[in-house]
Amino acid sequence: MARTEKLERDLAAAAGLLGAARCAIAFTGAGISAESGVPTFRGSGGIWDRYDERHLELGFFKAEPALAWATIRAIFYAFASPFEPNDAHRVLAAWEREGIIDFTITQNIDGLHRRAGSERLAEFHGATTHLVCLRCGERALATEEALAELPPRCPCGGVYKPDFVFFGEGIPEKAYRDSAAAAERADLCLIVGSTGTVYPAASLPRRVKARGGSIIEINPEQSEFSADIADIVLPLGASEALRALDGLLRAASAKNGSDS
């Protein structure tokens, strides 16, 4: 999109806040992965327009694992056409390595942040990359071979479930603990592609704001965060906005280096 003078000023202001932050974290939602082709769940054309969301309810899964797994495999495990990280994932991973971002919290279960190189990461809702046995708790990789027969079973005989959060299931303890700790130490939260409607995840940026931190939001659409807590809203796609901010940060670093 053509950038207005206001947008250019907001990009510069956002880059300034990022560069000055003592501890910045990123908080990402479906919008960052939509640019990689990962379908969203809700809205026009979303996954729940085509599939029955009851199949991701924990009670239904336990009662009808084979039926639930048929839907789950169709949605999440198309092994022949994996999605790839995009520039937004890669910029955040590079910023982590360079100390610009301290930690990333993602609501997404696609594993793209980890594949892009992010290591200081909480996958708040789990990830499709692993399975967990409902009987013994053993975890295993979600491979095509493992899902050849449905429902997949652990060597102990128990049914494997994808290791991500179903409706009616709690947030993994470590992911919640690590995310809360990151929000408590951060003085800036960069929100990328999140609607702000899914709790308890959406409470995390609000913790940063409540402690006096700055909030930068990247989202081409208005979200629950936009008018509520965001100090700067950049109405751009994730990759375009993060590439622009990265360029501004590198230009400022080069200038500071030449001035010293």
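Summary of the structure given here. Just so it is clear, the structure is predicted and the values come from calculations on it, not from any experiment.

What counts, and where the lines are drawn
Residues numbered from 1 in each chain as written. Predicted model: local features only at pLDDT ≥ 70, side-chain atom pairs only at ≥ 80, totals over all residues. Heavy atoms only, no water. Helix = DSSP H or I, 4+ residues; strand = E, 2+ residues; numbered from the N terminus. Expected span 1.5 Å × (residues − 1). Contact = heavy atoms within 4.5 Å. Phe/Tyr/Trp six-rings, centres within 6.5 Å; stacked < 30°, edge-to-face > 60°. Buried < 20%, exposed > 50% of the residue type's maximum accessible area, 1.4 Å probe, protein only. Lys NZ or Arg CZ within 6 Å of the ring centre and 35° of its normal. Salt bridge = Lys/Arg side-chain N within 4 Å of Asp/Glu carboxyl O. Pairing = 2+ DSSP bridges. Axes fitted to C-alpha atoms, helices over the stretch in contact; angles between N-to-C directions. Polar contact = N/O pair within 3.5 Å; in protein donor to acceptor, adjacent residues only side chain to side chain. 1 Å grid on protein atoms, 1.4 Å probe; cavity = no way out; pocket = protein on both sides within 12 Å on 5 of 7 lines; lining within 4 Å. Points joined across faces, edges and corners; volume = space filled by probe spheres on them. Nonpolar A, V, L, I, M, F, W, Y, C, P; charged D, E, K, R; others polar. Parallel < 35°, antiparallel > 145°, perpendicular 65-115°, else oblique. Left-handed = near helix turned anticlockwise from the far one by under 90°.

### Some words on helix H4 (residues 65-76)
Line of reasoning, step 1. The end-to-end C-alpha separation of H4 is 15 Å, in line with the 16 Å expected for 12 residues at 1.5 Å each.
Line of reasoning, step 2. Considering only its buried residues, H4 is in contact with helix H3 (58-63), strand S4 (126-133) and strand S6 (160-164).

### Quick look at the packing of aromatic side chains
Line of reasoning, step 1. On inspection of all chains with the given rule, the structure shows 7 aromatic pairs.
Line of reasoning, step 2. For the ring pair Phe76 and Phe164, a centre distance of 4.9 Å and an interplane angle of 55 degrees mean the geometry is tilted. Of this pair, Phe76 sits in helix H4 while Phe164 sits in strand S6, and the two are 88 residues apart along the sequence.
Line of reasoning, step 3. Among the residues examined, Phe76 registers a relative accessible area of 17% and is labelled buried.
Line of reasoning, step 4. Classification of Phe164 as buried rests on a relative accessible area of 3%.
Line of reasoning, step 5. Every member of this aromatic cluster is reached through a ring pair, and the members are Phe61, Trp69, Phe76, Tyr77, Phe164 and Phe166.
Line of reasoning, step 6. In this structure, Lys161 is placed above the aromatic ring of Phe164, and the distance from its NZ or CZ to the ring centre is 6.0 Å.
Line of reasoning, step 7. Directly above the aromatic system of Phe103 lies the positively charged group of Arg185, at a separation of 5.7 Å from the ring centroid.

### Thoughts on the pattern of salt bridges
Line of reasoning, step 1. Under the defined criterion, the tally for this structure stands at 19 salt bridges.
Line of reasoning, step 2. Across the pair Asp178 and Lys174 runs a salt bridge, and its minimum N-O distance is 2.6 Å. Of the two residues, Asp178 and Lys174 are both situated in helix H7 (residues 173-185); the distance of 4 residues between them amounts to about one turn of the helix.
Line of reasoning, step 3. By relative accessible area, Asp178 is classed as partly exposed at 22%.
Line of reasoning, step 4. Salt bridges linked by common partners bring Arg3, Glu8 and Glu240 together as one network.

### As for the sheet that holds strand S5 (residues 139-141)
Line of reasoning, step 1. Read across the sheet, 3 strands follow the order S5-S4-S6 without closing on themselves; strand pairing throughout is antiparallel. The open sheet has two edge strands with one neighbour each: S5 and S6. Pairwise comparison of adjacent strand axes, ignoring direction, gives a mean angle of 45 degrees for this sheet.
Line of reasoning, step 2. Where S4 and S6 come together, 4 bridges link them in antiparallel fashion.

### A look at the sheet that holds strand S3 (residues 121-123)
Line of reasoning, step 1. Taken in spatial order, the 6 strands of this open sheet run S3-S2-S1-S7-S8-S9, and their pairing is parallel. Each edge of the sheet is formed by a strand with only one pairing partner; in this case those strands are S3 and strand S9 (232-234). Along the sheet, successive strands turn relative to each other by an average axial angle of 15 degrees, direction set aside.
Line of reasoning, step 2. With 3 bridges connecting them, strand S2 (residues 103-106) and S3 associate as parallel partners.

### Quick word on helix H5 (residues 87-98)
Line of reasoning, step 1. Under the 1.5 Å per step criterion, the end-to-end length of H5 is 16 Å for 12 residues, consistent within 8% with the ideal 16 Å.
Line of reasoning, step 2. For H5, the complete set of buried residues consists of Ala88, His89, Val91, Leu92, Ala93, Ala94, Trp95 and Glu96.
Line of reasoning, step 3. Put simply, Asn86 is the residue that caps the front of H5, since its side-chain oxygen is 2.8 Å from the backbone nitrogen of Ala88.
Line of reasoning, step 4. Phi turns positive, to about 85 degrees, at Gly99, one or two residues after H5.

### Comments concerning the layout of surface pockets
Line of reasoning, step 1. There is about 380 Å³ of room inside the second largest pocket.
Line of reasoning, step 2. Around the second largest pocket, the lining is made up of 17 residues, and of these Arg114, Glu123, Gly126, Arg139 and Asp163 lie nearest the centre.
Line of reasoning, step 3. Every element with two or more residues in the lining of the second largest pocket is listed here: helix H6 (112-116), S3, S4 and H7.
Line of reasoning, step 4. Residues of the lining of the second largest pocket, tallied by class, amount to 5 nonpolar, 4 polar and 8 charged.

### Observations concerning the pairing of S4
Line of reasoning, step 1. Counting buried residues in S4 gives 6 out of 8 residues, a clear majority hidden from the surface.
Line of reasoning, step 2. Linkage of S4 to S5, two consecutive antiparallel strands, is achieved through a turn of 5 residues, within which Gly137 is found at a positive phi near 85 degrees.

### Details of the packing of H7 against helix H8 (residues 203-210)
Line of reasoning, step 1. As a packed pair, H7 and H8 sit with axes 8 Å apart at the nearest point and diverge in direction by 25 degrees. It follows from the interaxial angle that H7 and H8 lie roughly parallel. Between H7 and H8 the crossing geometry is right-handed. Note on element contacts: H8 touches H7 through Leu204, Arg207 and Val208, opposite Tyr176, Ser179, Ala180, Ala183 and Glu184.
Line of reasoning, step 2. In the contact of H7 with H8, the residues fall into 5 nonpolar, 1 polar and 2 charged.

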